[in-house]
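Below are the chains, spelled out letter by letter.
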Amino acid sequence: VGKGEMRKVAVPANRYTPLKENWMKIFTPVVEHLQLQIRFNLKTRNVEIKTCQETKDLSALTKAADFVKAFILGFQVEDALALIRLDDLFLESFEVTDVKPLKGDHLSRAIGRIAGKGGKTKFTIENVTRTRIVLADAKIHILGSFQNIKMARTAICNLILGNPPSKVYGNIRAVASRAAERF
Amino acid sequence: LFSVQDGLATDFRALTKILYDLNKALGSNVVRGGPLKELVIENFDEEQIWQQLELQNNAVLDFFKKSIARDAKDEDLCLLSDQEEDGSDAETSSDLELEDSVMEAETEQKNIYTKGKAKEKQSKLREGTMQKYSDEDSDIDFDIEALEQQTKTAKETTLKKMGKKSIVDDKFFKLSDMEAFLEHAEKENREGEEDINYFEDIISADEEEESEEAKVKTIKSSRDLTYKDFFDPIDDNDDVVANDVEDDQVEEADGAVEEQNEESMSEVEDMNEMIMENTRSKEASKKVTFSLPDDSETEDITDTLLEKGMDPSEIKSSFEKRQEKMSKKIKSLEEELLEEKPWQLKGEVTGQKRPENSLLEETVLFDHAVRMAPVITEETTFQLEDIIKQRILDEAWDDVVPKEKPKEEAFEYKKRITLDHEKSKLSLAEIYEQEYMKLHQQKTEEEENPEHKEIQEMMDSLFLKLDALCNFHFTPKPPVPEVKIVSNLPAISMEEVAPVAVSDAALLAPEEIKEKNKAGDVKTDAEKTPTDKKRDRRKKKLRKRMKRREKEKRQKLLEKMKPEQGTKLSKKAAAAKLKRLTKEGKASLLKDEGKDKVLKSSQAFFSQLQDQVKMQIKEANKLKKKQKQQKAVSVHKLKL
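Not measured: the values here are computed from a predicted model. (Residues numbered from 1 in each chain as written. Chains lettered and ligands numbered in written order. Predicted model: local features only at pLDDT ≥ 70, side-chain atom pairs only at ≥ 80, totals over all residues. Heavy atoms only, no water.)

A short note on the overall build of chain B
- Counting secondary structure elements, chain B contains 27 helices and zero strands.
- In chain B, which comprises 640 residues, the proportion classed as buried is 20%.
- In chain B, of all internal contacts separated by at least 6 residues, the share reaching a separation of at least 24 is 59%.
- As displayed, chain B offers around 52,800 Å² of accessible surface, 56% of which is attributable to carbon and sulfur atoms. (Helix = DSSP H or I, 4+ residues; strand = E, 2+ residues; numbered from the N terminus. Buried < 20%, exposed > 50% of the residue type's maximum accessible area, 1.4 Å probe, protein only. Contact = heavy atoms within 4.5 Å. Areas by Shrake-Rupley, 256 points an atom, 1.4 Å probe, with all protein chains shown as cover.)

Points about a negative patch on the surface
- A cluster of acidic residues, Glu334, Glu335, Glu336 and Glu339 of chain B, forms a negative patch on the protein surface.
- Here Glu339 of chain B shows up in the loop between helix H14 (318-338) and helix H15 (358-361). (Patch = residues over 30% accessible without salt bridge, like charges linked within 9 Å, V, L, I, M, F, W, Y side chains within 5 Å. Salt bridge = Lys/Arg side-chain N within 4 Å of Asp/Glu carboxyl O. Lys, Arg positive; Asp, Glu negative; His and termini not counted. Charge placed at Lys NZ, Arg CZ, Asp CG, Glu CD.)

Observations regarding the interface of chain B and chain A
- Opposite the 19 residues of chain B that make contact, chain A presents 27 residues.
- Taking both sides of the interface into account, the surface hidden between chain B and chain A amounts to around 2,100 Å²; carbon and sulfur atoms contribute 58%.
- Across the chain B-chain A interface, the total number found is two salt bridges.
- Measuring nitrogen to oxygen at the nearest pair gives 2.1 Å for the salt bridge that ties Arg130 of chain A to Glu435 of chain B. (Buried area = accessible area lost by both parts, 1.4 Å probe.)

Remarks on the sheet that holds strand S2 (residues 36-41) of chain A
All names here are of chain A.
- With respect to topology, three strands assemble into an open sheet ordered S1-S3-S2, the strand pairing being antiparallel. For this open sheet the edge positions go to strand S1 (6-10) and S2, each flanked by a neighbour on one side alone. Strand-to-strand twist across the sheet, computed as the mean angle between neighbouring axes with direction ignored, equals 20°.
- In the sheet, S2 pairs with strand S3 (residues 46-51) via six bridges, with the strands oriented antiparallel. Paired with Phe40 across the two strands is Val47, which belongs to S3. (Pairing = 2+ DSSP bridges. Axes fitted to C-alpha atoms, helices over the stretch in contact; angles between N-to-C directions.)

Some thoughts on the side chain of Asp229 of chain B
- Relative to the helices and strands, Asp229 of chain B is located in helix H9 (residues 227-230).
- A polar side-chain atom of Asp229 of chain B sits 2.8 Å from the main-chain amide nitrogen of Thr226 of chain B. (Polar contact = N/O pair within 3.5 Å; in protein donor to acceptor, adjacent residues only side chain to side chain.)

Concerning a nonpolar patch on the surface
- Taken together, the side chains of Ile455, Met459, Leu462, Phe463, Leu466 and Leu469 of chain B present a nonpolar region at the surface, about 580 Å² in accessible area.
- Turning to its location among the elements, Phe463 of chain B is positioned in helix H19 (residues 450-470).

Digging into the pairing of strand S5 (residues 132-136) of chain A
Residue and element names in this part refer to chain A.
- Bridging between S5 and strand S6 (residues 139-145) involves five bridges; their strand directions are antiparallel. Its bridge partner lying in S6, Arg132 is registered against Leu143.
- The loop that links S5 with its antiparallel partner S6 comprises two residues; one of these, Asp137, has a positive phi angle of about 50°.

Overview of the packing of helix H7 (residues 120-129) of chain A against helix H8 (residues 146-161) of chain A
Residues and elements named next belong to chain A.
- Put simply, H7 and H8 touch, their axes get as near as 9 Å, and they point 155° apart. For the element pair H7 / H8, the angle class is roughly antiparallel. Crossing hand, H7 versus H8: right-handed. Taking contact as the criterion, the partners of Thr121, Ile125 and Thr129 in H7 are, on H8, Asn148, Met151, Ala152, Ala155, Ile156 and Leu159.
- When its residues are assigned to classes, the contact of H7 with H8 shows six nonpolar, three polar and no charged. (Parallel < 35°, antiparallel > 145°, perpendicular 65-115°, else oblique. Left-handed = near helix turned anticlockwise from the far one by under 90°. Nonpolar A, V, L, I, M, F, W, Y, C, P; charged D, E, K, R; others polar.)

Looking at helix H22 (residues 530-561) of chain B
- Compared with an ideal rise of 1.5 Å per residue, which puts 32 residues at 46 Å, H22 of chain B spans 46 Å between its outermost C-alpha atoms and is within 8% of the ideal.
- Little of H22 of chain B is tucked away: one of the 32 residues are buried. (Expected span 1.5 Å × (residues − 1).)

Description of the packing of helix H2 (residues 23-32) of chain A against helix H4 (residues 77-85) of chain A
Residue and element names in this part refer to chain A.
- At a closest axis distance of 11 Å, the pairing of H2 and H4 adopts a crossing angle of 10°. On the basis of their axis angle, the class for H2 and H4 is roughly parallel. Note on packing geometry: the crossing formed by H2 with H4 is right-handed. Contacts from Lys25, Ile26 and Pro29 of H2 reach H4 at Val77, Glu78, Leu81 and Ile84.
- Residues that form the contact of H2 with H4 fall into these classes: five nonpolar, no polar and two charged.

Regarding the packing of aromatic side chains
- Applying the stated rule across the entire model yields six aromatic pairs over all chains.
- Look at Tyr227 of chain B and Phe231 of chain B: their rings are 4.6 Å apart centre to centre, the planes differ by 50°, and that puts the pair in the tilted class.
- Take Tyr227 of chain B: its relative accessible area is 44%, and that puts it in the partly exposed class.
- Every member of this aromatic cluster is reached through a ring pair, and the members are Tyr227, Phe230 and Phe231 of chain B.
- In this arrangement the basic side chain of Arg15 of chain A is found over the ring face of Phe71 of chain A, its NZ or CZ atom lying 4.8 Å from the centre.
- Directly above the ring of Trp343 of chain B sits Arg354 of chain B, whose terminal nitrogen or CZ lies 6.0 Å from the centroid. (Phe/Tyr/Trp six-rings, centres within 6.5 Å; stacked < 30°, edge-to-face > 60°. Lys NZ or Arg CZ within 6 Å of the ring centre and 35° of its normal.)

What to know about the confidence of the model for chain B
All names here are of chain B.
- Overall, the predicted model of chain B reaches an average pLDDT of 72, with 59% of residues at or above 70.
- Here residues 128-141 is a poorly scored stretch, pLDDT under 50, and it has 23 contacts once near neighbours within four places are set aside; other chains count.
- Here the predicted complex scores 0.35 on pTM and 0.84 on ipTM. (pLDDT = per-residue confidence, 0-100.)

Written out as structure tokens, the structure reads:
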């Protein structure tokens, strides 16, 4: 490892408190498993990660940065931890208006459809496709492997476009069963 | 009549003894064997005397056999005429040939008997004849191979002797010789095909010869060879050239034989024979000829000799000949190189540049890009037919198996992947971890022995029973629920916030409970369109029609079958019923007197009713009028 490289992740205000609460859980794997140096710059409100002499793996820095970013976006620490443990997990973000230009109530209804009553629909999609979804107003973040992200994205887009949840369930069930058969 | 004549017997015995002793006394040492010097008869049985005689006789018989065989081959005696009668044509022809050779050999034999050659001829002939006579008993089974060899060897000796003149003959060429040579060459080829080991035959022949003959031969060793052994004396001048020609021609054909012969020089035993043969084959050639591997050389030389008609006395040395040949070759090669090449060597040749249909004569090689179609021969068809027959016998048809699409019910399909509407308790990392473990554990699971599983189960049940029997504080295991109940909960229960007890309960859709109506939604009469109404009416009428028809059919059937029961609901039954009711007082019968026309028809009834009402109204009006009249004050009265 050459010169010390550094990454910075900005923390919005709403995630400040969760960060403080989960700080132990965040920095422990970064420091112990990835052998990096991490700190939270209070002035700039950034999480800074730096390589040091003990760092063995070059990709560790990117992994750590992704991990912190995932947490900042809204994922749980345990879920975001999967990014460190598995190589082939990705994080995808898109907006509801990317799929269909919606405004006002329509937008709200779309978001409501995605979430379902008590988060039921979202949880269903998460469970069937083995991903994690964060629904932040009009922004959607999906964490998982490539194929699963695709499945979840299709389901969410269908919901945005107006399909009833039962239909979406049927579709994702079919796709998931096919994927499971393949493996 | 038959009595033992003792006197004669004793006389005979004495006579035999005298004969025997005389014979022995004369002392002919020719006969080998016969150990007894005199015949003893005193006090000897007839059998014993006979045995003594037998001893002598056996020896004598052997001797006589041999001598007869030998003497039969003698020149003066000729028993060949007997053989000619039987046997095949080949045999007869060969016999003739052999006879000829024998005759000719005879004439020559005396001339050249002293020389070693004759011995070989004689040996060969004797071998031939001996072989023949050895097969006297079996006339037909004649060893043609051996005979051919004999004829070949005989031919070699008699090539010179066949002196038939023809027109074509000249100093160098004799037709008869050529023919003889050709036949000889043919035989050589045939023999070559049969792969006869010349050495073996020759050896055997010699051995036989040696075994049969009692004579001692003069076998020369290789050291004692002289010029005489190799070459004929320098006397014959006339047939030298002819001999040369013959030699060379024979040499060509016998190239193989000669080589073999030369190779066998190493063998000391048969050295002489080989050399003799060589000399014979060369037939008194004066010059030294090296049979080089390139036999064509000698051929060419002879050809050139013939062509140029050179004086054969101007004989060139072999080196000179070779040089000539080489130069000729060089010349021809040079000419070839300077000439224009043939079309085959010219690279890409179009059709115009080569003669017509010249490719047909050439064997052309080219790559086949496509696999050739199989050649249909009789064999292939037979094979196919065999396969077909066998298949028919086995009844192993290649019928197409109809594929069935697996029909999965929606019910089961939904059950396969259950939807969990709750937030998953495991984190993503753990989920993937579990997946990974599952993948890798599948291998270990397969390795588990099913027998082990069985054993484990049996042991568990056994221990459970034992525990039940012996353990003081035994608590039985909770019963394992075997039945899985699927509850058809209403949708509203699923919407509840409180956790549902049965997580994987399947919600049945309304369609799964009751089949949907094909026609669609149910409509009230107000919603129905005229077409709907008409449709309904039609359906209703149809239903009614069918029902009525069915009823009539049943009635008819019933009437036919049981006529009494058929009149169940007839008029009589109805009247009887009515009577009964009126008697009881439940129903009152209105008599029809004719007066009451009113009750018969509704028109009458209503008209009567109308009249009644009118009457009432009239009366009422009248009353009213009267009242009014009373009330009405007249003007006259009020006139003041």
